Amino acid sequence: MNASRHSLLSSLLLLFTLIFSAPVSAQQYNFYFPDVNKQLPQQFIYALSTDHQGYLWIGTGEGLVKYDGSRLLPVKIGKQNSAVFCTALHAANKQIVAGFYDGTVAIGSDDKLVPLKTPANSKIVAITSIKDKYFIATQDEVLAIENNGLKSIYKDSASIQGLSSNGKSLLIASSTGLIFLDPITPKPFSYFKGNVCAVASENGQCYFLSDSGLYMVKAAFKSENLHRLIGESFIPGTPLNIS
């Protein structure tokens, strides 16, 4: 990784921390590092999520575990212990959805998840939800969970690298750009052209990272609502003409 890319990612991490955290001037934080590393199935972590009870779910290359505050508990996938490469996690509606490298998707709660009848054709890249519906992204496709299976709603000719939602629509990070997708139609709309490697949404605003910087979209997806937060010029709020 070159120095400029490393600097960009470091700035992104700092900015996301500031955006999604309350002002630190009014709060005091105590950092605690639990001594549970030896309990991990593997030291490489690929997915993290917290459920409605505050438990931390951790996806590793050799299994899925749940941290209850003092212990790491192995999570079973169906009748077998989880011993596969967990690549994506999403918590919503008092449930946890897990995606795996082999295309398996499992959903449930507590310490056991039930795999769907039909897996995806490739690695699960990301998972999100809109109300009570769950959506799965592989490297070339977005699928909806329906009737204990997966239904394809969008195929990408390039490479999907992230998936999020603003509560109404899906936001797809692709190597060709940012795709805005209505899951009901479903009709895609290419909003930004260029390699988009990550996307997130919070309080109706969309944030995405491209090769040229970190951007924010306010409310409606129109060109005048796109602002560069971090980029080549490093000027906050610089409007970008995408026409």
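Preceding block: the structure.
Caption draft 1: Spatial organisation of the sheet that holds strand β4 (residues 72-74). The strand order across the open sheet built from 4 strands is β1-β2-β3-β4, with neighbouring strands paired in antiparallel fashion. At either margin of the open sheet sits one strand with a lone partner, and together these are β1 (45-50) and β4. Going across the sheet, the axis of each strand differs from the next one's by a mean of 25°, ignoring polarity. Of the pairings in the sheet, the one linking β1 to strand β2 (residues 56-60) comprises 5 bridges and is antiparallel in character. When the sheet's bridge partners are listed, Ser49 is paired in β2 with Trp57.

Caption draft 2: Here's a closer look at the sheet that holds strand β16 (residues 170-174). Taken in spatial order, the 4 strands line up as β15-β16-β17-β18 in an open sheet, and their pairing is antiparallel. Two strands close off the open sheet at either side, each with one partner strand: β15 (160-165) and β18 (187-193). Along the sheet, successive strands turn relative to each other by an average axial angle of 25°, direction set aside. Pairing of β15 with β16 involves 5 bridges; the strand directions are antiparallel. Across the sheet, residue Ile160 finds its bridge partner in β16, namely Ser174.

Caption draft 3: Structural detail: the packing of aromatic side chains. In this structure the tally under the stated criterion is 7 aromatic pairs. Measuring from centroid to centroid gives 5.2 Å for Phe85 and Tyr101, while their planes differ by 15°, and the two rings are stacked. Here Phe85, found in the loop between β6 (80-81) and β7 (86-92), pairs with Tyr101, found in the loop between β8 (95-100) and β9 (105-109); they are 16 residues apart in sequence, far enough to count as distant. Take Tyr101: its relative accessible area is 48%, and that puts it in the partly exposed class. Aromatic side chains Phe208 and Tyr215 sit 5.3 Å apart centroid to centroid with 20° between the ring planes, which places their arrangement in the stacked category.

Caption draft 4: Quick look at the pattern of salt bridges. This model, assessed by the stated rule, comprises 1 salt bridge. Across the salt bridge formed by Asp68 and Arg71, the nearest N and O atoms sit 3.1 Å from each other. On the basis of relative accessible area, Asp68 is assigned to the partly exposed category, the value being 26%. A relative accessible area of 46% means that Arg71 is categorised as partly exposed.

Caption draft 5: Region of the structure containing the side chain of Ser174. Structurally, the position occupied by Ser174 is in strand β16. A polar contact is formed between the side chain of Ser174 and the side chain of Thr176, at a distance of 3.1 Å. Those residues in contact with Ser174 that lie beyond four places of it in its chain are Asp156, Ala158, Ser159, Ile160, Gln161, Ile179, Gly194, Asn195 and Val196.

Caption draft 6: Representation of unusual backbone geometry. A cis amide bond links Thr185 to the next residue, Pro186, at an omega of -25°. For Pro186, the position within the fold is in the loop between β17 (177-182) and β18. Its identity is not glycine, yet Lys94 carries a phi of approximately 60°, on the positive side. Residue position: Lys94 is located in the loop between β7 and β8. Its identity is not glycine, yet Asn148 carries a phi of approximately 60°, on the positive side.

The rules behind these values
Residues numbered from 1 in each chain as written. Predicted model: local features only at pLDDT ≥ 70, side-chain atom pairs only at ≥ 80, totals over all residues. Heavy atoms only, no water. Pairing = 2+ DSSP bridges. Helix = DSSP H or I, 4+ residues; strand = E, 2+ residues; numbered from the N terminus. Axes fitted to C-alpha atoms, helices over the stretch in contact; angles between N-to-C directions. Phe/Tyr/Trp six-rings, centres within 6.5 Å; stacked < 30°, edge-to-face > 60°. Buried < 20%, exposed > 50% of the residue type's maximum accessible area, 1.4 Å probe, protein only. Salt bridge = Lys/Arg side-chain N within 4 Å of Asp/Glu carboxyl O. Polar contact = N/O pair within 3.5 Å; in protein donor to acceptor, adjacent residues only side chain to side chain. Contact = heavy atoms within 4.5 Å.

All quantities given are derived from atomic positions and should not be read as evidence of function.
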